[in-house]
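Letter by letter, the chains look like this.
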Amino acid sequence: MPDTTPLATLSPADKSMDDIVALAKRRGFVYPASEIYGGLRGFWDYGPLGTALKNNIRDWWWKCMVECPPIGPDGQPVSIVGLDSAIIQNPKTWQHSGHVGGFNDPMVDDTETNQRFRADHLQGIFPLGANEERVRNTISTEVGGETTSSFSIGVPIPRATIIASSPEEAAGQLVSDKSLRKRLGIRFFELVEPFDEQIVVPCCRIDLGNGKIDACISPALVPLEQQPAEVPSPYTGKKNVLTEPREFNLMLDTFPGPIRDEDNKAYLRPETAQGIFLNFKNVLDTTRVKVPFGIAQIGKSFRNEVTPRNFIFRSREFEQMEMEFFCSPEDSQKWYEFWRDERFKWWLSLGIAEQNLVLRDHDSDELAHYSNACVDVEYQYPFTAPGFGELEGVAHRGCYDLSAHSKGDNNKDSNTKLDYFDQELQVRLQNEGVDKAEIKERSRYVPHVIEPASGLTRAVLVLLCEAFTPTPDRDGAKHILSFKPRFAPVKAGIFPLVNKDGMPEVAQKLYMHLRQKHAVEYDAKQSIGKRYARMDEIGTPFCFTIDGDTLENQTVTVRHRDTLAQERIHLDKVEAFLDEHIAG
Ligand code: GAP
C-alpha cells in the first residue's frame, strides 16, 4: 500500500457543509440533478471536475483491489477478478436474496405536514443503535464525562447538533455564542415565537446559507421508553403527530417490456453484490480462479431512500464499489479480519487523517438480514462531528447468498448448485491423515463470503470534506481543496507569466507535451494571482509558470498549492516531476 500521509486539514467540525456544497456547485463538481426543472430529491449530477474526481477514486480502488491486490494473510498474492453485471436482473434474484421481503426501513409520517422520516433517525421510537450511543459517549467525554444530551436544529431533519442539558439551554447558547453559530454553519439566528401553541420546544429563524428558515430546537436523543406520540416531529416540534413506524421497501421498480403488471415487475439493483453472486459459477468455470478469490464490481445502485440527505451522502441513485471474497468456512474469520484491516488502510491511502476515521463493529441487532458480523469504516463528516457516519461496511455474509441462490429445496427457481469442491483442502487433509468420510464432508462446501462494500459517491463526499481547507489569510482563493495529487481532477496548471514575449509559445509546447499523459490545463488569461487562485480552489496541486528566466535558462517555476512554496526546475524535468508526485 503506498503513501498514507494525511492531507493537512482542519477538524471536520470546523468546516461548513454549506461552504463545501457551494464550492462543489460553483466549480463544477456536483450539481442538483435536473436543476432547470427544479431538481429531483435524492438525485445529483457530477460535473466535469466531480466526474474526474470520482473516476480517480474509482480507478485507485480498481487498481488496489483487482489489478494489484494485496498479499494475503498466508503470504500468497490475493486473486480478485472484475465483473460488470446488469443493473436489472431477473426479479427472482431479489426474492431469493431476501430484498423483496427484508430490505426495508421503518418509516413514520408527520400527519400534519406529510413529512416522512426514518423512524430509526428519531431516537425514542426505535432503540438507540450503537452508533448513536457512541455519538452520545463522544459528546459526554468531550464535556468532561457529565451526562448531557444533544439537540438538533431541525428543518425538517437535523441540520446541526448542539450539546446542552435542555432545548432552552441549547437555544441560549446559540443566542449568545457567535463562534458556536459559525462552527455550525449558521449565518443568521434569532429566537421567535412558537409557530403554533402546541409546539413544545424553542423556535427560531435560522439561515444556513440558503435563505432564512423557521426551525425548532428539538431533542436529538430522547429516552428509549418514549412512544411515537411522545416524540416531537422534527419538522414542527409538535407531539402527537407522528404515526407508528411502518416498513417501507427501498427497491425502485420498473417494467421492462410492453406490459405493466405485477408479473412483469423488475427492480433496479439496490446493491451491486447480487450480480456477483449470480455469476459465481460462471467466473469459476470460465477463469482460472480457485477459492479463496474475490469478484469485484463498481457500478450504480438505486434505493428509494425515505429521507435522502446531507448532500450526496444518502441519495437515491449512487455508485458502489463492492468485492465479494469467497473462502472456505474454516478460513472465513481470518479473511474477515484481513479485509477489515486492509480496507481501513486503503482509506488512509486517500490522504484521510487517521483521527477522522474509525472502525466500528456492528451490534447483533444492527446486522443486515444476510450478515453474521460486520464492521463499518466510518468518517467524521462535518454534519456528524463529533460523531462519525458510515463510509464502508466489511461484512461476513457467511454462505447466506450462495445458498439462497443455489438450486435446492429452498430454491426451486435456480438451475445451478453454487458449491465448491476444494481440491487443495482435500490433499491437505489426506496428508494430515484425516479419515475419508470427514475429508469428503469438509472439502465440498458452499463458500463463505467476506464483503467490503463502499460507496463511490460517498467517497467523493469524503474527499471533498477532507480536502476542503479555508484559507482566510491567503491572497486569492478563500478556500482550497488539498487533494492528494493522485485524486486531483487537474494535476497541473501551465501558465505563461505574461501573454507575450515568447512565453506563451514555450508554455503551449510544455502543455502539448504533458497533456498526452496527464490532465493538465493551459491558462494565459487574467493575472497570475487569479490563475493560481482558480487552480487552488479546484485542488490542482502544481502550477508551472514560464517566465523571463525560462527563455534564458530553460527553467520553470513550480508552485505548490498547499505550502505556496516555489522552486525552479529544468523544463526537461517537468514530466518526471509530475510522474513522481502523482504516483505518491
Ligand atoms: N452489498 C452490501 C451493501 O450494499 P450497504 O452498507 O447497504 O451494504 C454499502 O452499502 C455502501 O454503499 C455504504 O457503506 C455507503 O458507502 C454506500 N451507500 C449505501 N446507501 C447509499 C445511499 N443511499 N447513498 C449513497 N451511498 C450509499
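Residues numbered from 1 in each chain as written. Predicted model: local features only at pLDDT ≥ 70, side-chain atom pairs only at ≥ 80, totals over all residues. Heavy atoms only, no water.

**Student:** When you look at the side chain of His396 in this model, what are you seeing that I'm missing?
**Tutor:** Residue placement: His396 occurs in strand β18 (residues 389-398). Exposure remark for His396: the relative accessible area of 5% places this residue in the buried category. From its side chain, His396 meets the backbone nitrogen of Gly398 in a polar contact 3.1 Å long. (Helix = DSSP H or I, 4+ residues; strand = E, 2+ residues; numbered from the N terminus. Buried < 20%, exposed > 50% of the residue type's maximum accessible area, 1.4 Å probe, protein only. Polar contact = N/O pair within 3.5 Å; in protein donor to acceptor, adjacent residues only side chain to side chain.)

**Student:** It is not clear to me how the site of the ligand should be interpreted in this structure. Could you clarify?
**Tutor:** In the region of the ligand, 21 residues are neighbours, and Glu271, Glu305, Ser315, Glu322 and Glu390 sit closest. Separating a nitrogen atom of the ligand from a side-chain N or O atom of Glu322 is a distance of 2.4 Å. One nitrogen or oxygen atom from the side chain of Glu451 is found 2.9 Å from a nitrogen atom belonging to the ligand. Considering the ligand on its own, with 550 Å² of exposed area, one finds that the protein chains cover 92% of that surface. At the level of elements, β15 (317-327), β18 and β21 (448-455) are the ones that each hand at least two residues to the shell around the ligand. At 5 residues, the largest contribution of residues to the shell around the ligand is made by β18. (Near = heavy atom within 4 Å. Areas by Shrake-Rupley, 256 points an atom, 1.4 Å probe, with all protein chains shown as cover.)

**Student:** Quick question: what am I supposed to make of the sheet that holds strand β28 (residues 566-570) here?
**Tutor:** Reading across the sheet, the 5 strands line up as β25-β24-β26-β27-β28 and stay open at both edges, with mixed pairing between neighbours. The open sheet is flanked by β25 (520-522) and β28, the only strands paired with a single partner. Sheet twist, expressed as the average angle between the axes of neighbouring strands with direction ignored, equals 25 degrees. This element, helix α15 (residues 503-514), spans β24 (492-496), β25 and β26 (542-546) of the sheet and lies at about 160 degrees to β24. Each of β24, β25, β26, β27 (555-560) and β28 touches helix α16 (residues 528-538); the most contacted strand, β24, lies at about 170 degrees to it. (Pairing = 2+ DSSP bridges. Axes fitted to C-alpha atoms, helices over the stretch in contact; angles between N-to-C directions. Contact = heavy atoms within 4.5 Å.)

**Student:** Can you help me understand the packing of helix α1 (residues 17-26) against helix α14 (residues 456-467) in this one?
**Tutor:** Packed helix pairs are characterised by how far apart their axes lie and by the angle those axes make with each other. Relative orientation of the contacting elements α1 and α14 amounts to 110 degrees, with a least axis distance of 10 Å. With respect to α14, the axis of α1 lies roughly perpendicular. Remark: the crossing between α1 and α14 carries right-handed chirality. Contacts from Met17, Ile20 and Ala24 of α1 reach α14 at Leu461, Leu464 and Cys465. Across the contact of α1 with α14, the residue classes break down as 6 nonpolar, no polar and no charged. (Parallel < 35°, antiparallel > 145°, perpendicular 65-115°, else oblique. Left-handed = near helix turned anticlockwise from the far one by under 90°. Nonpolar A, V, L, I, M, F, W, Y, C, P; charged D, E, K, R; others polar.)

**Student:** Is there a simple way to explain the sheet that holds strand β14 (residues 293-302) in this structure?
**Tutor:** Hydrogen bonds between backbone groups are what pair the strands of a sheet, and the pairing can be parallel or antiparallel. As summarised here, the arrangement of the 7 strands in space is β3-β14-β15-β21-β18-β17-β16, forming an open sheet in which the pairing is mixed. Sheet topology places β3 (80-83) and β16 (357-361) at the edges, where each strand pairs with a single neighbour. In this sheet, adjacent strand axes meet at a mean angle of 20 degrees when their direction is disregarded. Where β3 meets β14, 4 bridges bridge the pair, whose relative direction is parallel. By the bridge assignment, Gly82 is partnered in β14 with Ala296. Its contacts with the sheet place helix α2 (residues 48-67) against β3, β14, β15 and β21, and it is angled at close to 160 degrees to β14. In the packing of helix α10 (residues 332-348) onto the sheet, the strands contacted are β3, β15, β16, β17 (373-379), β18 and β21, and the crossing angle to β18 comes to about 160 degrees.

**Student:** Can you help me understand the confidence of the model for the protein chain in this one?
**Tutor:** When pLDDT is averaged along the protein chain, the result is 86; 85% of the residues meet or exceed 70. When the criterion is pLDDT under 50, residues 123-148 qualifies, and its contacts beyond four places in sequence or with other chains add up to 53 contacts. In the predicted structure, residues 221-226 sits below a pLDDT of 50 and forms 14 contacts with residues beyond four places in sequence or in another chain. (pLDDT = per-residue confidence, 0-100.)

**Student:** What is the right way to look at unusual backbone geometry in this model?
**Tutor:** Note on backbone geometry: most residues besides glycine have negative phi, and most peptide bonds are trans. Looking along the chain, the bond that leaves Val291 and enters Pro292 is cis, with omega of 5 degrees. Counting through the fold element by element, Pro292 comes out in the loop between α9 (280-286) and β14. Residue Pro386 is reached from Ala385 by a cis peptide bond, and omega for that bond is 5 degrees. Positionally, Pro386 belongs in the loop between β17 and β18. The phi dihedral of Gln554 is positive, around 60 degrees, even though this residue is not glycine. With respect to the helices and strands, Gln554 occurs in the loop between α17 (548-553) and β27. When its relative accessible area of 38% is taken as the criterion, Gln554 is described as partly exposed. Phi is positive for Leu564, close to 65 degrees, though the residue is something other than glycine. For Leu564, the location among the structural elements is in the loop between β27 and β28.

**Student:** Which parts of the structure should I look at to understand the side chain of Ser315?
**Tutor:** As for its placement among the helices and strands, Ser315 is situated in the loop between β14 and β15. With relative accessibility at 3%, the residue Ser315 sits in the buried group. A polar atom in the side chain of Ser315 sits 3.1 Å from the backbone oxygen of Glu317. For Ser315, the residues in contact, after removing those within four places along its chain, are Gly42, Trp44, Arg303, Glu305 and Pro308.

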